Amino acid sequence: MKKALIFQGGWDGHEPQLVAARFGRLLEAEGFAVEISDTLDCLADGEKLLEYDLFVPCWTGGDLPWEYTQNISKAIGKGAGIAGCHGGMCDSFRQNTEWQFITGGQWVSHPGGDGIEYTVNIHHGASPITEGLDDFQVCSEHYYLHVDPSIEVLASTRFPLVHYYHISNKPIDMPVAWTKYWGNGRVFYCSLGHHDDVFDKSPNAQELMRRGMLWAAEGKALAQERGLTTERFENNAKMY
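First things first, this report covers the structure right here in the doc. This one's a predicted model, so the numbers in the text were calculated from it and none came from an experiment. Along every chain, residues carry numbers that run from 1 in the direction the sequence is written. Local features in a predicted model are, by the rule used here, given only for residues with pLDDT of at least 70; side-chain atom pairs are given and counted only at 80 or more, and totals for whole chains, interfaces and linings are based on all residues. As a rule here, side-chain values come from all non-hydrogen atoms in the structure, and water together with hydrogens is ignored.

1. Regarding the pattern of salt bridges
Applicable threshold: Take a side-chain nitrogen of Lys or Arg and a carboxyl oxygen of Asp or Glu: if they are within 4 Å of each other, that pair is a salt bridge. Helix and strand assignments follow DSSP, with helices taken as H or I runs no shorter than four residues and strands as E runs no shorter than two, numbered in order from the N terminus. Exposure is judged per residue with a 1.4 Å probe applied to protein chains only, and the accessible area is read against the type maximum: over 50% gives exposed, under 20% gives buried, and values in between give partly exposed.
Per the stated rule, a full pass over the model turns up 11 salt bridges. We note a salt bridge from arginine 94 to aspartate 91, for which the minimum N-O separation is 2.8 Å. In this structure, the salt-bridge partner of arginine 186 is glutamate 218, at a minimum N-O distance of 3.2 Å. You can see arginine 186 sitting in strand 11 (residues 185–190) and its partner glutamate 218 sitting in the loop between helix 7 (203–217) and helix 8 (219–225), a full 32 residues away along the chain. Given a relative accessible area of 12%, arginine 186 falls into the buried group. In this structure glutamate 218 comes out as partly exposed when scored by relative accessible area, which is 38%.

Shown next as structure tokens:
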């Protein structure tokens, strides 16, 4: 049985308890043993973290101690997956550059605030996460992020839609969902989910999350099956 650790907290405006419970139900329906923690101290024991197949952060803002950062970084590097949404993953721990390196992006704005109607354009390709899904509409925050150029974009949305200083630049397609790797581990992110009910109003958003979590959780078993180690990733140089 695969094991998932969801840690929820931080800014209450993103309804972390509701979102964590939703993701927990989705994973339990897929046969996962799910643990939900309301404290970051769940990341204090690096050896224990190696027991999990998947980490799901639902934590906006806050500070992650460097020791905890290294613990989860190494667990993912060994093959565990990480998957999350909206500010619960890519607006967590804003001062933590290693966290941003792991996740692949950082939120910077949602021009126009909440209640923006926009289209999520699905990118069809080699990823099973988007197979059979169609473009869909969302009424929520329109997330503008700074992103890692190494990500594989699974869905995007067009900017700008509202007046603000950024409109003096060219129109761009901003990633909404992506995958990447951290060592032997798999990373999935989806920018949707400002409130829990976004996943009810836009079922494709929930399906993206369900598939993304399952995809990320497969990495550990594959790493073990292939006998992969972290030797080629390890480096003691000052990185930050």
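2. A short note on the sheet that holds strand 2 (residues 33–37)
For clarity, the threshold we go by: In short, DSSP must find at least two bridges between two strands for them to pair. Only the stretch in contact is used when a helix axis is fitted, and all axes are lines through C-alpha atoms; the angle between N-to-C directions ranges over 0 to 180 degrees. Should any heavy atoms of two residues lie within 4.5 Å, those residues are counted as being in contact.
With mixed pairing, the nine strands of this open sheet are ordered in space as 2-1-3-4-11-10-9-6-7. Pairing within the sheet leaves two strands with one partner each, and these edge strands are strand 2 and strand 7 (136–140). Strand-to-strand twist across the sheet, computed as the mean angle between neighbouring axes with direction ignored, equals 20 degrees. Sitting on the sheet, helix 7 is in contact with strand 3 (54–60), strand 4 (81–85), strand 6 (116–122), strand 7, strand 10 (172–182) and strand 11, with an inclination near 170 degrees to strand 11.

3. Section: the packing of aromatic side chains
Stated precisely, the cut-off is as follows: Classification of ring pairs uses Phe, Tyr and Trp, with its six-membered ring standing for Trp, and accepts pairs whose centres are within 6.5 Å; under 30 degrees between planes counts as stacked, over 60 as edge-to-face, and the remaining range as tilted.
Under the defined criterion, the tally for this structure stands at 10 aromatic pairs. The interplanar angle of 40 degrees and the centroid separation of 4.7 Å between the aromatic rings of tryptophan 178 and tyrosine 189 together place this pair among those described as tilted. On the criterion of sequence distance, the pair formed by tryptophan 178 in strand 10 and tyrosine 189 in strand 11 is long-range, its members being 11 residues apart. Taken individually, tryptophan 178 and tyrosine 189 each receive the classification buried, so the pair is uniform in this respect.

4. Some points on the side chain of aspartate 196
Inspection of the secondary structure puts aspartate 196 in the loop between strand 11 and helix 6 (198–201). Setting aside residues no more than four positions away along its own chain, aspartate 196 makes contact with Glu15, Leu18, Val19 and Arg22.

5. Description of the packing of helix 1 (residues 16–29) against helix 7
Here is the rule we go by: To sort the angles, those under 35 degrees are grouped as roughly parallel, those over 145 as roughly antiparallel, those from 65 to 115 as roughly perpendicular, and the leftovers as oblique. Two helices crossing with the near one rotated counterclockwise from the far one by less than a right angle form a left-handed crossing, whereas a clockwise rotation gives a right-handed crossing.
It is at 10 Å that the axes of helix 1 and helix 7 come closest, and there the two elements cross at 60 degrees. Between helix 1 and helix 7, the angle falls in the class oblique. Here helix 1 runs over helix 7; the crossing is right-handed. From helix 1, Arg22, Phe23, Leu26 and Leu27 reach across to helix 7, where they touch Gln206, Met209, Arg210 and Met213.

6. Re the nonpolar core
Basically, it comes down to this: Put simply, a nonpolar core is a bunch of buried Ala, Val, Leu, Ile, Met, Phe, Trp, Tyr and Cys residues held in one set by side-chain atoms that sit within 4.5 Å of each other.
Counting residues in hydrophobic clusters, the biggest one holds 37 residues, and the most contacted among them are Phe23, Leu54, Phe188, Leu192 and Met213. In terms of residue count, the dominant contributor to this core is helix 7 (seven residues).

7. Looking at the pairing of strand 11
Taken across its six residues, strand 11 has six buried, putting it largely inside the fold. Both faces of strand 11 are covered, namely the face carrying Gly185, Val187 and Tyr189 and the face carrying Arg186, Phe188 and Cys190. As defined by bridge partners, strand 4 adjoins strand 11 across four bridges and the pair is classed as parallel. Across the sheet, the residue bridging to alanine 83 is phenylalanine 188, located in strand 11. Note: strand 10 against strand 11, six bridges, orientation antiparallel. If you follow tyrosine 181 over to strand 11, its bridge partner there is arginine 186. Where strand 10 folds back on strand 11, the antiparallel hairpin that results is connected by two residues, among which glycine 183 adopts a positive phi of roughly 65 degrees.

8. Considerations on helix 7
Basically, it comes down to this: Between the first and last residue of a helix there are one fewer steps than residues, each counted as 1.5 Å, and that sum is the expected span.
With 15 residues, helix 7 ought to run about 21 Å at 1.5 Å a step, and its terminal C-alpha atoms sit 21 Å apart, in line with that. Buried within helix 7 are the following residues: Ala205, Leu208, Met209, Arg211, Gly212, Met213, Trp215, Ala216 and Ala217.

9. Examining the environment of valine 153
For valine 153, the position within the fold is in strand 9 (residues 152–159). The exposure class assigned to valine 153 is partly exposed, which follows from its relative accessible area of 28%. For the pair valine 153 and glutamine 206, spaced 53 residues apart in the sequence, the C-alpha separation amounts to 17 Å.

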